[in-house]
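Listed below are the residues making up each chain.
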Amino acid sequence: MLAYLARRVLYTLPILLGVSLVCFALVHIAPGDPLSSVLPPDASADLQRQLRTLYGFDRSYPEQFAIWIGRALQGDLGASIASGRPVATEVMRAVVNTLRLAVLATAIGFFLGGLFGFVAGYFRNSVVDKLASMLAVLGVSVPHYWLGMVLVIVFSSQLGWLPATGAGPGGSSDWAWDWAHVQHMVLPAVTMSVIPMGIVARTVRALVADILSQDFITGLKAKGLTGFGVFRHVVKNAAPTALAVMGLQLGYLLGGSILIETVFSWPGTGFLLNSAIFQRDLPLLQGTILVLALFFVVLNVVVDVIQSLLDPRVQRS
Amino acid sequence: MSAALEGSPALPVPAAAPSQATGYWTSVWRRLRRDPVAMGAAIVLLLFVLAAILAPYIAPADPYRSSMLRRLRPIGTAGYPLGTDELGRDMLSRLIFGARYSLLMGITPVALAFGIGGTIGIVAGFAGGRVNTAMMRTIDIFYAFPSVLLAVALSGALGAGFGNALLSLTIVFIPPIARIAESVTTQVRSRDYVEAARASGAGALTLLRVHVLGNVLGPIFVYSTSLISVSMILASGLSFLGLGVRPPEPEWGLMLNTLRTAIYVQPWVAALPGLMIFIVSISFNLLSDGLRSAMDVKQ
């Protein structure tokens, strides 16, 4: 187990390096001067030079990369050009908000998708099976930002049941344990849950159908096992893969929440990315993407390790 | 199993060699034609393609002509069957013209990535060894970004615009296609008939052309078609964020964005462009599913 863990972590290191290289390169493929958004149009050459030195843009690329990585390892992602505040602080605050949404959405999606997929796989070609297949196709085909808009139209604008935007009353962007904050989470989380729901339903259906067709199930039935007894074996065999899919979906939602956050004005990483892009705040853009990608890579490792703990066969492949 | 025989079970087997007409693609087409869901999806897509091509002839009005006097009319207004948008432009005409952008932005990045990613994957799979490792590890780096994040990051860095959005999406789809191509090619390369051909003196190029390409292109193609709907949703999403097509172009994602402020005035008019994206994307997915089972590709 330890050897597997070490191998898995070691394999991740070059990927982490590559990922940070891509994040760094993003700023430099951007056309125009990275400082153009803060400098007044009539800035003197002297001021321009000072700022360039301050942000380190006057050094060579390898030098800039080394400095950036060195600081990032110490938790310093530089300062936002637009606000002057440390990028790390801003990103972490936003990540917490996005994580809250993504975890709730994954939970809803996994529960409903798993339920649908399970019933569909158990009763192949039944009405529920057809319904689950339809749900899976709908889930991956729907433009989720549009679904969010439709939910706002129905539940906020027409029925007036739920708030349309924001994370809390009066533009509050931090979590509090009260009813108003819960209400604000409902629509974005439900919108977000549609994607993992479809994918989980499809995966679980295929898994359950495959397990049920295997010889050991026939063997169990021949030994006289029925109903719940068989069910228990199916769950045990389907769980590792289903959980792995769930973990990956959480990662995708974390990185892909920008569209949904825009629809609901949710103060998370998507919102931060959006403002970074439109204010051309390159350190903030770089930092946000780096943190999200790191989250995704680490989550992948965690998922693999958990899966190998549940199912030792994974280690051998 | 002979595809020619399977394709025409009712006909008596001719004594002569079966004609060329009943080849692999013919039998795929026969099976696809018997799939009502896939054919329904294909017909819907065909209608959208026709609308896109014939847009200037069938659109009832100029999609760019605005009128401050006729803003945000509801669906069913005389002369404006689907209402008007926030600048008083005819929604029906804008939706018809919008099909051009959505189809283009759904298909182009996937087609380009199919060419580039497919080549990378096939070369890596066919070469094997260190070349394979080096190529696929590089691809893995891009795989470490969730696709939406990578698309937004790239187009955010490159700047808004139609061309940059296409470029970003192409880069997003190269890694997954390359991965599939690599795994399929690696499988085919170790089959007995490839070994036999190699043993009987076939060169690398002959092996690739005759034995590998014919067996790997199908699965890679089917996988790529399943990405078209993702590409469409992402492309419209980029425009929705203000990173893709720019105003005043009638692009569905952009229309959704500019109509967002109108959801309290004309909610159903505001929701129309998204409904179009939904219909086209679901049709692409259903057709791709049908194609997969018609070609008998296991994922």
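Small disclaimer: the values here were computed from a predicted structure and weren't measured.

The next thing to look at is the overall build of chain B. For chain B, the helix and strand inventory stands at 13 helices and zero strands. Each helix (α) and strand (β) of chain B, taken in turn from the N terminus, gives the series α-α-α-α-α-α-α-α-α-α-α-α-α. Considering only C-alpha atoms, chain B reaches an extent of 80 × 55 × 25 Å along its principal axes. Each of the 299 residues in chain B was classed as buried or not, and the buried ones make up 51%. Taking the intrachain contacts of chain B between residues at least 6 apart in sequence as the baseline, contacts between residues at least 24 apart amount to 72%. Looking at chain B, you have 22 positive and 14 negative side-chain charges, and the mean spots of the two groups are 2 Å apart.

On to the overall build of chain A, then. Looking only at helices and strands, one finds 13 helices and zero strands in chain A. Counted from the first residue to the last, chain A has its helices and strands arranged as α-α-α-α-α-α-α-α-α-α-α-α-α. Each principal axis of the C-alpha distribution contributes one length, and for chain A these read about 85 × 55 × 35 Å. In chain A, which comprises 317 residues, the share counted as buried stands at 47%. Within chain A, contacts between residues at least 6 apart in sequence are counted, and of these 74% link residues at least 24 apart. Accessible area for chain A stands at about 15,300 Å²; split by element, carbon and sulfur atoms hold 68% of it. Of the charged side chains in chain A, 20 are positive and 16 negative, and the gap between their average positions amounts to 14 Å.

The terminal C-alpha atoms of helix 8 (residues 162-189) of chain B lie 39 Å apart, and with 28 residues this matches the ideal 40 Å at 1.5 Å per residue to within 8%. Along its length, helix 8 of chain B shows its largest kink, about 30 degrees, at I174(B), and proline P175(B) lies within four residues downstream of that point.

Once that is clear, we can look at the interface of chain B and chain A. Counting from both sides, the interface comprises 41 residues of chain B and, opposite them, 45 residues of chain A. Taken together, both faces of the contact between chain B and chain A bury some 3,800 Å²; the carbon and sulfur share is 79%. Viewed at the interface, chain A and chain B are joined by zero salt bridges. Linking chain B to chain A there are eight residue pairs in polar contact (both at pLDDT 80 or more). Of the residues forming the side of chain B that touches chain A, the biggest block, 13 residues, is contributed by helix 13 (residues 267-295) of chain B. Considering only residue class, the side of chain B that touches chain A consists of 29 nonpolar, eight polar and four charged.

The sites that UniProt annotates as "domain: ABC transmembrane type-1" (unreviewed entry) are residues 99-288 of chain B. End C-alpha atoms of residues 99-288 of chain B are separated by 19 Å, and the span's content is 83% helix alongside 0% strand.

A complete count under the given rule lists 12 aromatic pairs over all chains for this structure. Arranged with centres 6.0 Å apart and planes meeting at 45 degrees, the rings of F155(A) and W161(A) form a pair that is tilted. When its relative accessible area of 26% is taken as the criterion, F155(A) is described as partly exposed. Owing to a relative accessible area of 56%, W161(A) belongs among the exposed residues under this scheme. Through a chain of ring-to-ring contacts, three or more aromatic side chains come together here, namely F24(A), F65(A) and W68(A). Seen from the ring of Y143(B), R179(B) lies directly overhead, with NZ or CZ sitting 3.8 Å from the centre.

With respect to the helices and strands, F278(A) occurs in helix 11 (residues 269-278). Along the primary structure F278(A) and R59(A) are separated by 219 residues, whereas in three dimensions their C-alpha atoms are 26 Å apart. Excluding residues within four positions of it along the chain, F278(A) makes contact with L241(B), G242(B) and L243(B).

Residue and element names in this part refer to chain A. With respect to the secondary-structure elements, S20 resides in helix 1 (residues 2-29). Polar contacts involving the side chain of S20 include one to the main-chain carbonyl oxygen of L16, which spans 2.9 Å. Excluding residues that lie within four positions of it along the chain, S20 makes contacts with F65, W68, I69 and L290.

A few words now on unusual backbone geometry. With an omega of 5 degrees, the peptide bond between P247(B) and P248(B) qualifies as cis. By secondary structure assignment, the location of P248(B) is in the loop between helix 11 (228-241) and helix 12 (252-258). A positive phi angle, close to 45 degrees, is found at S265(A), a residue other than glycine. Here S265(A) falls in the partly exposed class, since its relative accessible area comes to 37%.

Attention now goes to the UniProt feature "transmembrane region" (unreviewed entry) in chain B. All names here are of chain B. Using the residue numbers shown here, the UniProt feature "transmembrane region" (unreviewed entry) corresponds to residues 37-59, 101-129, 141-159, 220-245 and 265-287. Across residues 37-59, helical content stands at 91% and strand content at 0%; the span's end C-alpha atoms are separated by 29 Å. Here residues 101-129 runs as 97% helix and 0% strand, with 42 Å between its end C-alpha atoms.

With that settled, consider the nonpolar core. V19(A), I289(A), F145(B), V152(B) and W252(B) are the most contacted members of the largest nonpolar core, which totals 129 residues. The leading source of residues in this core is helix 8 of chain B, at 11 residues. Leaving out residues up to four positions away in the same chain, W252(B) has contacts with F48(B), R94(B), L95(B), G98(B), A99(B), S102(B), P273(B), M276(B), I277(B) and V280(B). Membership of the second largest hydrophobic core comes to 13 residues, among which are F118(A), V208(A), V230(A) and A242(A).

Quick notes on the rules
Residues numbered from 1 in each chain as written. Chains lettered and ligands numbered in written order. Predicted model: local features only at pLDDT ≥ 70, side-chain atom pairs only at ≥ 80, totals over all residues. Heavy atoms only, no water. Helix = DSSP H or I, 4+ residues; strand = E, 2+ residues; numbered from the N terminus. Buried < 20%, exposed > 50% of the residue type's maximum accessible area, 1.4 Å probe, protein only. Contact = heavy atoms within 4.5 Å. Lys, Arg positive; Asp, Glu negative; His and termini not counted. Charge placed at Lys NZ, Arg CZ, Asp CG, Glu CD. Areas by Shrake-Rupley, 256 points an atom, 1.4 Å probe, with all protein chains shown as cover. Expected span 1.5 Å × (residues − 1). Bend = angle between axes of the 7 residues up to and from the residue. Buried area = accessible area lost by both parts, 1.4 Å probe. Salt bridge = Lys/Arg side-chain N within 4 Å of Asp/Glu carboxyl O. Polar contact = N/O pair within 3.5 Å; in protein donor to acceptor, adjacent residues only side chain to side chain. Nonpolar A, V, L, I, M, F, W, Y, C, P; charged D, E, K, R; others polar. UniProt positions renumbered as here; feature names shortened; annotations may be inferred. Phe/Tyr/Trp six-rings, centres within 6.5 Å; stacked < 30°, edge-to-face > 60°. Lys NZ or Arg CZ within 6 Å of the ring centre and 35° of its normal. Core = buried A, V, L, I, M, F, W, Y, C linked by side-chain atoms within 4.5 Å.

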